[in-house]
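# Coordinate analysis (summary)
Listed below, chain by chain, are the residues.
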Amino acid sequence: MYLSNEMALSFPAKSANEGFARVSVAAFAAQLDPTVEELAEIKTVVSEAVTNAIVHGYKETTGIVHIKAKLYSDSFAGKIVITVRDSGEGIKDIKQALEPCFTTGADDRAGMGFTIMQSFTDKFRVTSSLGKGTTVLMEKTIVRRS
Amino acid sequence: MAAYTVNNDVLTVQFKGEIDHHSAGRMAKEADELITKYEPSLLILDFGGVTFSDSSGIAVVLGRYKKMTAKGGQTELASVPKSIKRIFSLAALDKLVKIRENV
Ligand SMILES: Nc1ncnc2c1ncn2[C@@H]1O[C@H](COP(=O)(O)OP(=O)(O)OP(=O)(O)O)[C@@H](O)[C@H]1O
Ligand SMILES: [Mg+2]
């Protein structure tokens, strides 16, 4: 597959930007001609990662959320690679954070974000460093429809 | 304010639009105020008008379920779009509350 397009998006960690972020990435991914369902999945995983950056990464502080998206394609399929990065407080124990229902949030969080990101993508990786921040990388293959 | 109907002791709350961290707090609060006001024995959360939900929607359901259960009441979900149903079943919400096709 070759890199066919790329984009970057940076915005302050405000909850009003969650909708903007997921819709922007979905609009960019539309170049790969995904199904309605695949688009909904892309919107959802971006929303999860961006919300985590805002709620857990930056908490009450402010900071910038960075999104990069790259599109790859060949004649059979397309692929979108999305990274969402914050320079917030980082994750102490990634293995524990990935467990379904684990949350350090209040009762308005279910601890399901990472589980959803994993289940809606083909490849998923979290890297984090305490005091430095967190990066989530997600890949999703979009098979060409004839 | 969320649209709702009260019929005997059944409270139906109609959620609308997108549920995310930005909007979920208000939606949860509105539903809670209605539950406190009408003390229904059955709460139906109608997702027919919901166009998007991430995990914030799971917590909205769980929180209302807990509030209803504490008073001995039941909770059901109605008209949940397919993409949102998948998220809810990942969280095993379908084991906790009945998900019906229509209101
Ligand atoms: N960007 C981040 N920075 C710091 N901590 C994070 C970050 N993302 C996730 N975490 C940690 O990992 C935990 C699990 O995240 P996950 O998204 O699975 O659940 P949640 O955000 O707590 O709840 P939900 O996503 O259901 O609203 C979080 O509670 C938090 O402790
Ligand atoms: Mg989350």
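Residues numbered from 1 in each chain as written. Chains lettered and ligands numbered in written order. Predicted model: local features only at pLDDT ≥ 70, side-chain atom pairs only at ≥ 80, totals over all residues. Heavy atoms only, no water.

## Section: the sheet that holds strand β1 (residues 3–7) of chain B
All names here are of chain B. Strand order in the open sheet made by the five strands is β1-β2-β3-β4-β5, with mixed pairing throughout. Each edge of the open sheet carries a strand with a single partner, namely β1 and β5 (98–100). Across the sheet, the axes of successive neighbouring strands diverge by a mean angle of 25°, strand direction being ignored. Pairing of β1 with strand β2 (residues 10–19) involves five bridges; the strand directions are antiparallel. Bridge pairing links V6 to L11 in β2. Its contacts with the sheet put helix α1 (residues 21–38) on β1, β2 and β3 (42–53), and the angle it makes with β2 is roughly 170°. (Pairing = 2+ DSSP bridges. Helix = DSSP H or I, 4+ residues; strand = E, 2+ residues; numbered from the N terminus. Axes fitted to C-alpha atoms, helices over the stretch in contact; angles between N-to-C directions. Contact = heavy atoms within 4.5 Å.)

## Things to note about the packing of aromatic side chains
Geometry of an aromatic ring pair is reported as the spacing of the ring centres plus the angle between the planes. Residue and element names in this part refer to chain B. This structure, assessed with the given rule, holds five aromatic pairs over all chains. Between Y4 and Y38, the ring centres sit 5.6 Å apart and the planes meet at 45°, which makes this aromatic pair tilted. Of this pair, Y4 sits in strand β1 while Y38 is found in helix α1, placing the two residues 34 residues apart along the sequence. For Y38, a relative accessible area of 30% gives the class partly exposed. Arranged with centres 5.6 Å apart and planes meeting at 75°, the rings of F15 and F47 form a pair that is edge-to-face. Of this pair, F15 sits in strand β2 while F47 sits in strand β3; the two residues are 32 residues apart in sequence, bridging distant segments of the chain. By relative accessible area, F47 is classed as buried at 0%. (Phe/Tyr/Trp six-rings, centres within 6.5 Å; stacked < 30°, edge-to-face > 60°. Buried < 20%, exposed > 50% of the residue type's maximum accessible area, 1.4 Å probe, protein only.)

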